[in-house]
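Breakdown of the fold
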Amino acid sequence: MDADRRIAGVDEVPEDGTLLVTIRPTDPDGVDDADGDVGRDADGDPEAEAILTRAAGEVAAFRNYCQHWRDTRLDTDDGAFVRNGEVFCQKHGATFEADSGYCTFGPCEGAVLESVGVGVVDDAVYLEDDDYEFVRLGPAERDDDGGGSRIDFTGS
Ligand code: FES
């Protein structure tokens, strides 16, 4: 396995939260800047984010934006809220299965988070998705606060 694609040890992926990582799309033209997890590095090249989850020992990864308002990030740099194997969107409370990304409740019920391919070798998580390169642990470069700028119906 290519060491450049090693993301983290399996033990570094929390079961009660998410591990946020920056990835770079291999096709810059395939990036939608409206997605909340997209940023630009110092050279202006696009970066995106993935959240890693671990449910019942299985690691999965998804792009870090909600299926309801795509400009809303699920993990706003401090780990998304995860309970009973479900990832919560803190904007309107949608819940997504941590292993499949399927939305079980909320305004986008039935939608599925955009999957990012990862695999485990020797207790380490590797990026296996040819659509992305691994950049670093932590958030993508962006100008705003990354939490989604729209005001929801609660005023938050
Ligand atoms: S933005 Fe995620 S549930 Fe509305």
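Our structure is the block above this text.
Every value quoted in this text rests on a predicted model; they were computed, and no experiment measured them. The residue numbering used here restarts from 1 in each chain and proceeds along that chain's sequence as written. Under the rules for a predicted model, residues below a pLDDT of 70 receive no local features and side-chain atom pairs below 80 are neither given nor counted, while totals for whole chains, interfaces and linings still include all residues. Working from all heavy atoms in the structure, the side-chain values ignore hydrogens and water.

Definition of nonpolar core: a set of buried residues of the types Ala, Val, Leu, Ile, Met, Phe, Trp, Tyr and Cys, connected through side-chain atoms within 4.5 Å. Three exposure classes are used, based on accessible area relative to the maximum for each residue type with a 1.4 Å probe and protein chains only: buried under 20%, partly exposed in between, and exposed over 50%. Formed by 18 residues in total, the largest nonpolar core has its most connected members in Ile-7, Val-21, Ile-23, Leu-52, Val-125 and Leu-127. Any pair of residues with heavy atoms lying within 4.5 Å of one another is described as a contacting pair. Residues in contact with Ile-23, not counting those within four places in the same chain, are Glu-47, Ala-48, Glu-49, Ala-50, Arg-63, Val-116, Leu-127, Tyr-132, Glu-133, Phe-134 and Val-135. With 17 residues, the next largest nonpolar core counts Ile-51, Ala-60, Ala-80 and Cys-89 among its residues.

Now for the side chain of Arg-63. Numbering of helices and strands runs from the N terminus, with a helix taken as a DSSP run of H or I at least four residues long and a strand as a DSSP run of E at least two residues long. With respect to the secondary-structure elements, Arg-63 resides in strand 5 (residues 58-63). Arg-63 gets classed as buried once you look at its relative accessible area, which sits at 7%. Any N or O atom pair separated by 3.5 Å or less is treated as a polar contact, with the protein-specific requirement of one donor-capable and one acceptor-capable atom, and with residues adjacent in sequence counted only for side-chain atom pairs. A polar contact of 3.2 Å, which involves the side chain of Arg-63, links it to the side chain of Tyr-132. Excluding its chain neighbours within four sequence positions, the residues that come into contact with Arg-63 are Ile-23, Asp-35, Asp-37, Val-38, Ala-48, Glu-49, Ala-50, Glu-114, Val-116 and Tyr-132.

Further remarks concern the sheet that holds strand 1 (residues 6-9). At least two DSSP bridges between two strands are required for those strands to pair. Strand order in the open sheet made by the three strands is 1-11-10, with antiparallel pairing throughout. Of all the strands in the sheet, the pair left with one neighbour each is strand 1 and strand 10 (118-121). Strand-to-strand twist in this sheet, taken as the mean axis angle between neighbours without regard to direction, amounts to 30°. As paired elements, strand 10 and strand 11 (residues 124-127) share four bridges and run antiparallel to each other. Counterpart to Gly-119 in the pairing with strand 11 is Tyr-126. All axes here are fitted lines through C-alpha atoms, helices being fitted over the stretch that makes contact, and every angle between N-to-C directions spans 0 to 180 degrees.

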